[in-house]
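# Descriptive analysis of the structure
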Amino acid sequence: MPDATLLTLQPDAAGLAKAAAILRDGGLVSFPTETVYGLGADARNDRAVAGIYAAKGRPSFNPLIVHLPDLASAEKLCVFNDEAVRLASTFWPGALTLVLPLRADAGISKLVTAGLDTLAIRVPDHAVAQVLLRNFGGPVAAPSANPSGRVSPTTAAHVRDGLGGKINALLDGGSCTVGLESTIVSCVGAPALLRAGGIPAEALEACLGQPLALPSDPDTPVSPGQLASHYAPQGAVRLNVQAAEKDEVLLGFGAVDAALNLSPSGDLTEAAARLFECLHQLDAMGAQRIAVSPIPEHGLGRAINDRLRRAAAPR
Ligand code: TXA
Ligand code: MG
């Protein structure tokens, strides 16, 4: 049951100070980023981080991304090689997460890394997240603020519906502009794409001047969150559909006659920003069978198709 009494904070000075105080006390605060809403806790506090797993109902082997306000604070936690510095200086703040070797003295809870000796870190490009991180003054572990396996939240209302009653506070920062989770790149060895996301792989490859490696074995959970069924709305999902069947609700892309359309003009950036909102709307409509138009497999289309394939995977 969503909890109508959930403490909702406005992103003004008082709300941001209160949010930082709750994090300091070991509480859970959902906050907006440019990608999706995060569910934040002090990454150094075992009990607080355990609270994230409990609120989400998340399998404990799935490690979390740590959020920091800038590259300098990230360098205190992780070892950056040349490729990592190049990517971070080009794309931070922004929708890029880097997986890097964790420093021994970083002080990060083992529950954040799920026992790995690497850490996923990101500097979000969102004014509210930035002020919160600076006010708090420490690393904030934050997965997307949805119950495990469900669609990620891109508005405060999505967070309230999914996690109200299970978290301490929600900072309302409106709609997320990117609308898809960050792209995850490992710089532990040769730079490798672990998750397609809000920054197209082509842009990262152009920055590096080399192609990104793909995880060698798709069955190995190098990014353990990449379980096949994920991002799922309640209804069954069928992909690459030209014409929906009678009992299907069509989630369109481009110039098609659809109940909901990701982007009538066929714009991938708009489609990315609207994807999770549309999946939430299909849940609200009670759609039992969902058909989805073909989405081109380039740029942000790769991340959109990745999320849609997981939404369509057997559960
Ligand atoms: O845009 C985003 O990245 C959002 C916002 C809130 O920042 N966060 C997000 O977190 O999507 P989450 O927990 O839903 O996804 C984190 C992903 C998971 O697939 C997890 O397995 C992977 O990051 N990950 C975390 N630490 C890792 C590590 N050390 N090595 C490999 N993958 C890691
Ligand atoms: Mg997630």
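Residues numbered from 1 in each chain as written. Chains lettered and ligands numbered in written order. Predicted model: local features only at pLDDT ≥ 70, side-chain atom pairs only at ≥ 80, totals over all residues. Heavy atoms only, no water.

This part takes up the domain arrangement of the chain. Taken domain by domain, the chain comprises domain 1 (7-208) and domain 2 (236-312). Placing a centre on the C-alpha atoms of domain 1 and another on those of domain 2 gives a separation of 26 Å. In this complex, domain 1 contributes 22 residues to the contact, which on the side of domain 2 involves 14 residues. Overall, the association of domain 1 and domain 2 removes approximately 1400 Å² of surface from exposure, summing both partners, and the carbon and sulfur fraction of that is 60%. Sorting the residues of domain 1 by area buried against domain 2 places V151, H158 and L180 first, and these three jointly supply 38% of that buried surface. Taken together, the links from domain 1 to domain 2 amount to two salt bridges. In this structure, the salt-bridge partner of E202 is R302, at a minimum N-O distance of 3.9 Å. The tally of links between domain 1 and domain 2 comes to six residue pairs in polar contact (both at pLDDT 80 or more). Elements represented by at least two residues in the side of domain 1 that touches domain 2 include exactly β10 (192-195) and α8 (201-208). Its residues assigned to classes, the side of domain 1 that touches domain 2 comprises 10 nonpolar, nine polar and three charged. (Domains from an automatic or database assignment. Contact = heavy atoms within 4.5 Å. Buried area = accessible area lost by both parts, 1.4 Å probe. Salt bridge = Lys/Arg side-chain N within 4 Å of Asp/Glu carboxyl O. Polar contact = N/O pair within 3.5 Å; in protein donor to acceptor, adjacent residues only side chain to side chain. Helix = DSSP H or I, 4+ residues; strand = E, 2+ residues; numbered from the N terminus. Nonpolar A, V, L, I, M, F, W, Y, C, P; charged D, E, K, R; others polar.)

This brings us to the environment of A203. On the secondary structure map, A203 appears in helix α8. Look at A203 and you get partly exposed, because its relative accessible area is 32%. Separated by 112 residues in sequence, A203 and F91 have C-alpha atoms that sit 9.5 Å apart. (Buried < 20%, exposed > 50% of the residue type's maximum accessible area, 1.4 Å probe, protein only.)

Time to look at the nonpolar core. Judged by nonpolar contacts, the single largest core of 50 residues is most densely connected at F80, L87, L98 and I121. Contributions of two or more residues to this core are made by β3 (38-42), α2 (46-56), α4 (82-91), β5 (96-101), β6 (118-122), α7 (156-163) and α8. Each residue touching L87, except ones within four places of it in the same chain, is listed here: W92, L96, L98, V185, C187, L204, C207 and L208. If you look at the next biggest cluster of nonpolar residues, it comprises 28 residues, including F253, F276, A287 and I290. (Core = buried A, V, L, I, M, F, W, Y, C linked by side-chain atoms within 4.5 Å.)

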